[in-house]
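# Fold and geometry: a report
Chain residues, written in single-letter form:
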Amino acid sequence: MSENCSRKLIVEVCNARNLMPKDGQGTSSAYVLVDFDGQRRRTKTKFRDLNPQWDEKVEFLVHDPHSLASETLELNVCNHKKSGKRSTFLGKVKISGSSFPKVGSETLVYYPLEKRSVFSQIKGEIGLKICYIDEDSSASENSKAEAPPTGDAAAKGKESKEEDKKVEKAEEKKEETKEESKPAEAAPQETPSAAATDSEKTDKSPASDAGEKQQKEKRPPTKNQPDTGVNDVEIKSMSERAGGSYDLVERMLYLYVRVLKAKRSDTEANTDADSSIYAKLVIGTHSVRTKTVRAADWDQVFAFYKEDLNSTALEVSVWTENKAAETGTETPAPATDSSAGTVSFDLQEVPKRVPPDSALAPQWYTLEGSPENSPGTDVMLAVWIGTQADESFQEAWQSDTGGLLPETRAKAYLSPRLWYLRLTVIQTQDLQLGSRTEARAREFYVKAQLGPQVFKTAKFLVTSFGSSNPSEDLIFVAAEPFEPFLSIGVEDVMAGKSVGQTKIQVATIDRRTDNRAEPRSRWFNLAGDETRPYAGRIHVRVCLEGGYHVLDEAAHVTSDVRAASKQLCKPPIGTLELGVRVATNLLPMKTRDGTRGTTDAYVVAKYGPKWFRTRTLLDRFGPLWNEQYTWDVYDPCTVLTIGVFDNGSYKKDESGKPGKDVRMGKIRIRLSTLDMNRVYLNSYSLTVLHPGGTKKLGEIELAVRFTSSSWLSLIHAYASPMLPRMHYVRPLGPAQQDILRHTAMRILTARLARSEPPLSQEVVQYLLDADMHVWSIRRCKANWFRIVGCLSRVVALEGWLDGIRMWAHPSTTILVHILFVVVILCPHLILSTAFMYVFFIVVWRYRYRRRAPGNIDPRLSYVDAVGPDELDEEFDSFPSSRSAEQVRARYDRLRALAGRAQTLLGDVAAQGERVEALMNWRDPRATGIFVVFCLVASLVLYAVPFKFLVLGFGFYYIRHPRFRDDMPAVPANFFRRLPSLAERVL
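The residue numbers shown here count from 1 along each chain, following its written sequence. With the structure being a predicted model, the display of local features is reserved for residues of pLDDT at least 70 and the display and counting of side-chain atom pairs for 80 or more, all residues being used for whole-chain, interface and lining totals. Hydrogen atoms and water are omitted, and side-chain values are computed over all heavy atoms in the structure.

Helix and strand definitions follow DSSP, with helices as H or I runs of at least four residues and strands as E runs of at least two, each counted in order from the N terminus. Of regular secondary structure, the protein chain possesses 21 helices and 38 strands. Here the term buried applies to any residue with accessible area under 20% of the maximum for its type, exposed to any over 50%, and partly exposed to those in between, with areas from a 1.4 Å probe on protein chains only. Residues counted as buried form 40% of the 986 residues belonging to the protein chain. Note on areas: Shrake-Rupley, 1.4 Å probe, and residue coverage restricted to the protein chains presented here. Summed over its atoms, the accessible surface of the protein chain is roughly 54700 Å², and 56% of this surface lies on carbon and sulfur atoms.

Let's shift gears to helix α13 (residues 777–805). Any helix carries an expected span of 1.5 Å times its number of residues minus one. For α13, with 29 residues, the first-to-last C-alpha span of 40 Å sits near the 42 Å given by 1.5 Å per residue. At Leu 791, α13 shows its maximal bend, which comes to roughly 35°. Among the residues of α13, Ile 777, Arg 778, Arg 779, Ala 782 and Ile 804 are the ones counted as buried. Between the side-chain oxygen of the N-cap and the backbone nitrogen of Arg 778 there are 3.3 Å, and the N-cap of α13 in question is Ser 776. Immediately downstream of α13, the backbone of Trp 807 shows phi near 55°, a positive value. In this scheme, the bend at a residue equals the angle between the axes fitted to the seven residues that finish there and the seven that begin there. Polar contact criterion, stated in full: a pair of N or O atoms within 3.5 Å, where within protein one must be able to donate a hydrogen and the other to accept it, and residues adjacent in sequence count only if both atoms are side-chain atoms.

Moving on, we come to the sheet that holds strand β11 (residues 286–289). Strand pairing within a sheet occurs via backbone hydrogen bonds; the two strands may be parallel or antiparallel. Here a strand pair is declared whenever DSSP counts at least two bridges between the two strands. Spatial strand order, β11-β10-β13-β14: 4 strands in an open sheet with antiparallel pairing. The open sheet terminates on both sides in strands that have one partner only, identified here as β11 and β14 (337–346). Across the sheet, the mean angle from the axis of one strand to that of its neighbour is 20°, orientation sign disregarded. Sheet topology note: the strand β10 (residues 276–283)/strand β13 (residues 313–321) ladder contains 7 bridges and is antiparallel. Its bridge partner lying in β13, Tyr 278 is registered against Trp 319. Each axis is a line fitted through C-alpha atoms, and for a helix only the stretch in contact is used; angles between axes span 0 to 180 degrees, taken between their N-to-C directions.

What the 4 strands build is an open sheet, ordered β4-β1-β8-β7; its pairing is antiparallel. Each of the sheet's edge strands pairs with one partner strand only, and the pair in question is β4 (53–62) and β7 (109–112). Ignoring strand direction, the axes of neighbouring strands in this sheet form an average angle of 30°.

Here, nonpolar core refers to any group of buried Ala, Val, Leu, Ile, Met, Phe, Trp, Tyr and Cys residues whose side-chain atoms link them within 4.5 Å. Formed by 37 residues in total, the largest nonpolar core has its most connected members in Leu 578, Trp 631, Ile 642 and Ile 700. Breaking this core down by element, the ones donating at least two residues are β29 (574–584), β32 (601–607), β34 (624–633), β35 (639–646), β36 (662–670), β37 (679–690), β38 (693–707) and α9 (711–719). Note on contacts: a residue pair is in contact if any heavy atoms of the two residues lie within 4.5 Å. With residues up to four places along the chain from it excluded, the contact list for Ile 642 reads Leu 578, Val 603, Val 604, Ala 605, Gly 665, Lys 666, Ile 667, Ile 669, Leu 702 and Leu 767. Counting residues in each nonpolar core, the second largest holds 31 residues, with Trp 419, Ala 448, Phe 476 and Ala 564 among its members.

This is the structure we're talking about:
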């Protein structure tokens, strides 16, 4: 088994903290059992220590590198007991293989210890460093066979021999005999790179062995997948889930023609040695040719959409491209192509192939109609009818996408992994201040730059000795692969020039995943100009924060909340599948040849770091894509974003620049609104907001399915924090988060624009909602009415109570009286009655729930409630590019709107100031009345039972209108007369 292993898993058990005391004396003697893929390793025992420090490395052989993501590493922390007693349980940790980083990227991560059962008393955490390393299997096996055990390993085995005996005796079953246990106890401890010994195998229970065997039997075989920018583990998991099935979309039939090569006779080869040869395919009005080569070796695949074919015959011909003949004049004679023959196929007799059928083997065909006195030419072809799920479809020449245009092909993109880089400026020393010798302090600031990002600290004073303590944090967004250097410089505020600079290699910066350990601080020398090689030194602390999730989307449409460090990533809880089927009734987006309108539509879907782009179907108002995509889901409260665009980048203007893609609509689907294992097949309208108003550009049909195999994982996800731990223990400010979010958006846009083919800037910004921070009166109105909608329930409850008070329905009012008396006399029924009432209301509304996923609502967006000038203001650039008169009119309108908000804020502040005035004797008479009322109320409440007071107040509140007065109540009149601070405001 080990002969095929080429990957090792290295686990470094560093330490544990705050363990539960288990020995009855307030301490524990802890050791760790590490299990992985049928192999077990054990650390030393740290006696009487609740914070043990092991710092031991153990290694495991990964038998199948492709299935590493599906494996689980389990660590059990146990308390060692003397005199052969069974070890007590201190906690366990289970880590999915999908979170294992490659060697060089590992960091110290503390995992909280989990309980084995509900009644377990467990606390504490364990610190681990986990990584895997790939190596040559043959070399590793030879080194294992030749290298004897080292002295350190032998000594280590002798030291832990007696300890292993006691632990293994405690873990053996009672029915096992001593003769069977002695060989296992006497076996020395192997080196970490060796395979598991027999004693390690006997430590495992039959139940665990059966579970591992069942897990291995369920492991599916590997499949080859094309390179889409993800690693082999992710490709393997995608192939296992999807299996190449297109069950959410309809199958589209394509005629596939694979032209490999041609074989010419020796006479033709000698005659046309300097000429080039190509093949031509003709189906009715469709005609396409291969590339022109001299060796007659093409190996190209052509895919013709079967519905567009207007003939039942396929003709494949081979042509020789002759050079232009020299006539002795300045203008040579035109080149002529000569045919070497043709072979025809009847499309009704072409075989059909659907994956996972094997590929059709190409065959030699003799061309007919070759020139006279010629032995003939043979061509190797393969012709079959398949679907869009065929392996050859992605790289084939496609008739409905314009051939081999890279801008119209279906592609998968992967967002770069983003990190926060934290730079803490601690101190500067020995700054060379130049020719100035004044003793007074001078102002400086530290400027740091990472790529295009530039941040500055606040100004600080430096004395004539050149020392200061600024102590400020600067946070950057770093994308893998990282920028080579982080530049740090100290600049003089008064002189406006740099004192000195230094550069830090980003590859050497420490990484951390939590705030338990501060990264190391370092001193760097500052270099000035050529005349000043030494300009002082600076003390900084810099690290890459892997415990944060770098926000690159708007908060309300986020699709990924995982931490930047791969070690903190949890296994997926499900899969999301999207089928992009068809668009209907699309409007023309541009003109072709200046005579007719046309649309070249494609779809981009974004969830998490993966972007999928469908192929562009040219000149179609009802394009049929029928493409299916799959994502891993780590959090159900995330959003899938889908955008439809008109492709303008595959054509270039006169200056050679590609055109821009025009947005046609956007759909957002929140995963928490989807039922598990159910297919949602719906049509969504494509609505776009223009300066002139909204415009419906068509409809698109999508199929969505959210699959999850565990209800417990979903419920646990709802109880977990939305963001990683670092966002709560060391939060970032709102303004800082907004700056970092827009920085991450710009980095993401620039990286995806450098792909081939590029994902254009307007597409990325549209799907990320990069313009959400721009001022818009329409959005303000929409948000205001959203608040009003939420408060409408309170208004409805107030209206219902008013109807009870006014005896609008006497029978209902009498029932409320009876219920009120029962609840007051039996107060233990209050909460149970309230929750039961809410239960019945929610269950009753289940029948009226929304059956289809929600879409962008133009009515909720209030696109029809604003005028053309307000929409034009929303689409205006920043700073404004409009005329001075328009800007002045918009400013006056904004002043009027802000005046209303200002009045509302003043009224809210006045209510709070009246409460404070009641307690601060600002109005002595009002406060005196309040003091007397409090005294009388305390005596009454002491003398009268509380139940009778509540009953009296309730009956008084819902008394008959005959006993009511039309004037406001006395408490309201008293409160409104209290003074506020409004009269003191200028």
